[in-house]
Amino acid sequence: MKIDKIFFNQPSIIDREIDYIRNIKNFSSEGFYSKRCSQWLKRNIKCKEALLVKSCTAALEMAAILINVKPKDEIIMPSFTFTSTANAFVLRGAKPIFVDIDPETQNLDPKAINKVITKKTKAIVVVHYAGVSCDMNLITKIAKRENLYVIEDAAQAILSSYKNKPLGSIGDLGALSFHETKNIHCGEGGALLINNPKFIKRAKIIRDKGTNRDLFNRNIVKKYTWVDYGSSYQLSELNAAFLYGQLRQAKNVIRYRLKIFKLYRKFFENLEKKKFIKIPKIPYYSKPNGHIFYILLKKKKLTNLLNFLNSKKIYATFHYTPLHNSFFGKNFIKKKIQLKNTELVSKNLLRLPLHLGLKKRDVIRCSKEVENFFKKNK
């Protein structure tokens, strides 16, 4: 009997994305659909400005330029994150200061921040892992006391919230991803979310190759020219048209993903009671978006479980290699550090399929096969 494959991720077309692409008049950037997407983001995330860019990586790079990161500046961030979180600041000459995570949420542990603040500290970068909020009150209090910027890497967190505040709207700046692995996508894309209004004018210049073309387009100057740092960060109108269709259905997408997330939780509660695994805990202050469902293994069986699921045509996967242990990350550490929770989670966290193509029967099958694995490997 043929067994259907259950893919880890399956990007979907969910609205009239192709029709919108056919309707494009201006193909490069800042056309009708780009403006519609920006309006949607400002309205739903409640930020002062939202600029579409080529990726979340681009948004973080722009954030580093906007806060004037200079060589020898120190940027506090979790080690349990993707390389872009660190690269954006390293490219400006800064030193990433890696801290541990809270083992309950896999998010930056606020208690770890105070221990590493120095006179060189410029900003705190938080990563809302799996669309679950960091404890932003504690983090913003520390930042205010120490006069530090807060940047939210909300790549996974569109329409998630902290105490009813949308993630990406709390720090000075925020970054979203619209990569095809995210809840809402356009293949490749992102957005810089601006909450501190002092950054708006300069952000538009940086995004447009360091020129003041925005002022030219608004008839404020007769010619535009090179006035600041910048690069080609703008998202093409092709991507924006596709993204607009996705954003129109964003709340329905989140609703469906949360339904799958809750099904997984229900089916895995028994394995957690038997202490084979831990399932995600959602803090009282966080409203998530169903981006990732993961399990944490109690014993070192991650590779064996992955191989077992793959043999059943269920394509689960691991997650980050800690940056402080990575080949390049070690360049920024003078003496060896041990981030206990980060290292433990990276060795034991397994992500299960979660996408719009997933049905209840698929969730049941994934759960049953994980259970079967533990029955055979007690």
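Residues numbered from 1 in each chain as written. Predicted model: local features only at pLDDT ≥ 70, side-chain atom pairs only at ≥ 80, totals over all residues. Heavy atoms only, no water.

Observations concerning the sheet that holds strand 10 (residues 277-278)
Here comes step 1: A sheet is described by the order of its strands in space; here three strands give the open sequence 10-12-13, paired in antiparallel fashion. Strands at the two margins of the open sheet, each flanked by one partner only, are strand 10 and strand 13 (349-352).
Here comes step 2: Bridge analysis of strand 12 (residues 293-297) against strand 13 gives four bridges, and the strand direction is antiparallel. Looking at the pairing, Tyr294 lines up with Arg351 of strand 13. (Pairing = 2+ DSSP bridges. Helix = DSSP H or I, 4+ residues; strand = E, 2+ residues; numbered from the N terminus.)

Looking at the pattern of salt bridges
Here comes step 1: Following the criterion strictly, the structure yields 15 salt bridges and no others.
Here comes step 2: With a shortest N-O distance of 2.6 Å, Arg202 and Asp228 are connected by a salt bridge. Placement of the pair is Arg202 in helix 7 (residues 200-207) and Asp228 in the loop between helix 8 (213-217) and helix 9 (237-248), with a sequence separation of 26 residues.
Here comes step 3: Residues Asp208 and Arg213 are paired through a salt bridge, measuring 2.8 Å at the closest nitrogen-oxygen approach.
Here comes step 4: Using a relative accessible area of 25% as the deciding quantity, one classes Arg213 as partly exposed.
Here comes step 5: Taken together, the salt bridges that share partners define one network made up of Arg16, Asp19 and Arg22. (Salt bridge = Lys/Arg side-chain N within 4 Å of Asp/Glu carboxyl O. Buried < 20%, exposed > 50% of the residue type's maximum accessible area, 1.4 Å probe, protein only.)

Points about helix 3 (residues 56-66)
Residues that lie three or four places apart on an α-helix share one face, since the helix turns once every 3.6 residues.
Here comes step 1: In terms of burial, helix 3 is a largely internal element, 10 of the 11 residues being buried.
Here comes step 2: Every buried residue belonging to helix 3 is among Cys56, Ala58, Ala59, Leu60, Glu61, Met62, Ala63, Ala64, Ile65 and Leu66, and all of these are buried.
Here comes step 3: Buried residues along helix 3 sit in contact with strand 1 (49-53), helix 4 (83-90), strand 5 (149-153), strand 8 (173-177), strand 9 (190-194) and helix 7.
Here comes step 4: One or two positions beyond helix 3, positive phi appears at Asn68, with a value near 60 degrees. (Contact = heavy atoms within 4.5 Å.)

Quick word on the pairing of strand 3 (residues 95-99)
Here comes step 1: Counting buried positions along strand 3 yields four of five residues, so the element is predominantly enclosed.
Here comes step 2: With five bridges connecting them, strand 2 (residues 74-78) and strand 3 associate as parallel partners. Each bridged residue has a counterpart across the sheet, and for Glu74 the counterpart in strand 3 is Lys95.
Here comes step 3: Running through helix 4, the crossover from strand 2 to the neighbouring parallel element strand 3 is right-handed. (Right-handed = clockwise from strand over helix to strand, strands pointing away.)

Some details on a positive patch on the surface
Here comes step 1: Judged by side-chain charge, Arg43, Lys46, Lys251 and Arg255 come together as a positively charged surface patch.
Here comes step 2: Following the sequence through the fold, Arg255 ends up in helix 10 (residues 250-273). (Patch = residues over 30% accessible without salt bridge, like charges linked within 9 Å, V, L, I, M, F, W, Y side chains within 5 Å. Areas by Shrake-Rupley, 256 points an atom, 1.4 Å probe, with all protein chains shown as cover. Lys, Arg positive; Asp, Glu negative; His and termini not counted. Charge placed at Lys NZ, Arg CZ, Asp CG, Glu CD.)

Remarks on the packing of helix 10 against helix 13 (residues 360-376)
Relative placement of two packed helices is described by the angle separating their axes and the distance separating the axes.
Here comes step 1: At a closest axis distance of 10 Å, the pairing of helix 10 and helix 13 adopts a crossing angle of 25 degrees. Viewed along their axes, helix 10 and helix 13 adopt a mutual orientation that is roughly parallel. In this structure, helix 10 meets helix 13 at a crossing whose hand is right-handed. Of the residues in helix 13, those touching helix 10 at Ile260, Leu263, Tyr264, Phe267, Phe268, Asn270 and Leu271 are Lys360, Val363, Ile364, Cys366, Ser367, Val370, Glu371 and Phe374.
Here comes step 2: Of the residues belonging to the contact of helix 10 with helix 13, the class tally is 11 nonpolar, two polar and two charged. (Axes fitted to C-alpha atoms, helices over the stretch in contact; angles between N-to-C directions. Parallel < 35°, antiparallel > 145°, perpendicular 65-115°, else oblique. Left-handed = near helix turned anticlockwise from the far one by under 90°. Nonpolar A, V, L, I, M, F, W, Y, C, P; charged D, E, K, R; others polar.)

A look at the side chain of Arg351
Here comes step 1: Locating Arg351 in the fold gives a position in strand 13.
Here comes step 2: A polar side-chain atom of Arg351 sits 3.4 Å from a polar atom in the side chain of His319.
Here comes step 3: In contact with Arg351, other than residues within four places in its own chain, are Phe8, Tyr129, Ile292, Phe293, Tyr294, Ala316, Thr317, Phe318 and His319. (Polar contact = N/O pair within 3.5 Å; in protein donor to acceptor, adjacent residues only side chain to side chain.)

What to know about unusual backbone geometry
Most peptide bonds take the trans form, and the phi angle of most residues other than glycine is negative.
Here comes step 1: In the Ramachandran plot, Leu159 falls in the positive-phi region, its phi being about 65 degrees despite a non-glycine side chain.
Here comes step 2: Inspection of the secondary structure assignment puts Leu159 in the loop between strand 5 and strand 6 (161-162).
Here comes step 3: Positive phi, close to 50 degrees, is recorded for Lys163, a residue that is not glycine.
Here comes step 4: Here Lys163 lies in the loop between strand 6 and strand 7 (165-166).

Observations regarding the packing of aromatic side chains
Here comes step 1: Taken as a whole and assessed by the stated rule, the structure comprises 21 aromatic pairs.
Here comes step 2: Judged by centre distance (5.8 Å) and plane angle (55 degrees), the ring pair of Tyr149 and Phe199 falls under tilted. Taken together, the residues Tyr149 in strand 5 and Phe199 in the loop between strand 9 and helix 7 connect sequence positions 50 residues apart.
Here comes step 3: Geometrically, the ring pair formed by Tyr162 and Tyr285 is tilted, given 5.2 Å between the ring centres and 55 degrees between the ring planes. Taken as a pair, Tyr162 in strand 6 and Tyr285 in the loop between strand 10 and strand 11 (286-287) lie far apart in primary sequence, 123 residues in all. For the pair formed by Tyr162 and Tyr285, the shared burial category is buried. (Phe/Tyr/Trp six-rings, centres within 6.5 Å; stacked < 30°, edge-to-face > 60°.)

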